[in-house]
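# Remarks on the overall topology
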Amino acid sequence: HNLSDKVYAMKVMNKNYIINEKYLHYVVSEFEIMKLLSGFPFVLDLHYCFQSANYLYLIIDYCPNGDFTKIKYINNMKLFFAEVILAFEHIHQHNIIYRDLKPENILLDSTGHIEVCDFNLAKNGIPKGKRADSFCGSPMYLSPEMLGGRGVDYRCDIYGIGLLMYEIATG
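None of these values were measured; they are calculated from a predicted model.

A count of helices and strands for the protein chain gives five helices and seven strands. The helix and strand sequence of the protein chain, counted from the amino end, reads β-α-α-β-β-α-β-β-β-β-α-α. For 171 residues, the compact-globule formula gives about 16 Å, and the C-alpha radius of gyration of the protein chain, at 16 Å, lands near that figure. Overall, the protein chain is about 45 × 40 × 25 Å in size when its C-alpha atoms are taken along their principal axes. Counting only residues that meet the buried cut, the protein chain has 42% of its 171 residues in that class. Looking at the protein chain alone, contacts between residues at least 24 apart form 66% of all its contacts between residues at least 6 apart. Total accessible area computed for the protein chain in this model is approximately 9900 Å², and 56% of it derives from carbon and sulfur atoms. One finds the centroid of the 16 positive side-chain charges in the protein chain at a distance of 6 Å from the centroid of its 19 negative side-chain charges.

Structure, rendered in structure tokens:
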């Protein structure tokens, strides 16, 4: 951003691909969820969005330290997991089930703090006690409820946090 000298990342999505693959619902949902959650320290902020004839653009926080697939050692694991838990507490307080927690979706910002990203599979507007029924997520990180086809509630994210802790702690 030339006026502020701030560096952002840009997520670029091809409109034809979105329409052909019937992903429009997911894109709109991701935009709405990111807008709703923006401003919380451990969730990736959506700053701007716009479109051209062929593409949609989301201007988001830039996280130069990559994601957790590249991390071999964490200096302060307690702090990292406290940030993950605070991020998901914030997400759940807004009646959102994330449904895709994995190391690739936890980024590190320039100061080493986490940023939860990639809300395209998140489900908005699910009150406590209700379930999201669509089957989705990354195969290695699916909760037993998702695998069993019973629908999921907020506990699938808690299960994901447990998997993430185990994977990071054991390598």
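Moving on, we get to the sheet that holds strand β3 (residues 55-61). Two modes of strand pairing occur in sheets, parallel and antiparallel, and in both the strands are linked by backbone hydrogen bonds. As summarised here, the arrangement of the three strands in space is β1-β3-β2, forming an open sheet in which the pairing is antiparallel. With one partner strand each, in any of the chains shown, β1 (8-14) and β2 (46-51) form the two edges of the open sheet. Here the strands of the sheet are splayed against their neighbours by 20° on average, with no regard to which way each runs. Pairing between β1 and β3: seven bridges, direction antiparallel. Within β3, the position partnered with asparagine 14 by the bridge is tyrosine 55. On the sheet, helix α2 (residues 24-37) packs against β1, β2 and β3 and is oriented at approximately 150° with respect to β2.

Here we come to unusual backbone geometry. In this model, aspartate 5 sits at a positive phi of 65°, which is unusual for a non-glycine residue. Here aspartate 5 shows up in the segment before β1. Its identity as a non-glycine residue notwithstanding, asparagine 95 has a phi of 60°, on the positive side. Following the sequence through the fold, asparagine 95 ends up in the loop between α3 (77-93) and β4 (96-97).

Now for the confidence of the model for the protein chain. Looking at the protein chain, pLDDT values average 89 and 97% of them are 70 or higher. Ranking the helices and strands of the protein chain by mean pLDDT puts β1 first, with 96, and helix α4 (residues 144-147) last, with 79.

We now examine the packing of α3 against helix α5 (residues 155-170). At a minimum axis separation of 11 Å, α3 and α5 run at an interaxial angle of 165°. By the angle between their directions, the pair α3 and α5 is classed as roughly antiparallel. Note on packing geometry: the crossing formed by α3 with α5 is right-handed. Contacts between α3 and α5 pair Met77, Phe80, Phe81, Val84, Ile85, Phe88 and His92 from the former with Asp157, Ile158, Ile161, Leu164, Met165, Ile168 and Ala169 from the latter. For the contact of α3 with α5, the class distribution of residues is twelve nonpolar, one polar and one charged.

Definitions and limits used
- Residues numbered from 1 in each chain as written.
- Predicted model: local features only at pLDDT ≥ 70, side-chain atom pairs only at ≥ 80, totals over all residues.
- Heavy atoms only, no water.
- Helix = DSSP H or I, 4+ residues; strand = E, 2+ residues; numbered from the N terminus.
- Rg over C-alpha atoms; globule rule 2.2 N^0.38 Å.
- Buried < 20%, exposed > 50% of the residue type's maximum accessible area, 1.4 Å probe, protein only.
- Contact = heavy atoms within 4.5 Å.
- Areas by Shrake-Rupley, 256 points an atom, 1.4 Å probe, with all protein chains shown as cover.
- Lys, Arg positive; Asp, Glu negative; His and termini not counted.
- Charge placed at Lys NZ, Arg CZ, Asp CG, Glu CD.
- Pairing = 2+ DSSP bridges.
- Axes fitted to C-alpha atoms, helices over the stretch in contact; angles between N-to-C directions.
- pLDDT = per-residue confidence, 0-100.
- Parallel < 35°, antiparallel > 145°, perpendicular 65-115°, else oblique.
- Left-handed = near helix turned anticlockwise from the far one by under 90°.
- Nonpolar A, V, L, I, M, F, W, Y, C, P; charged D, E, K, R; others polar.

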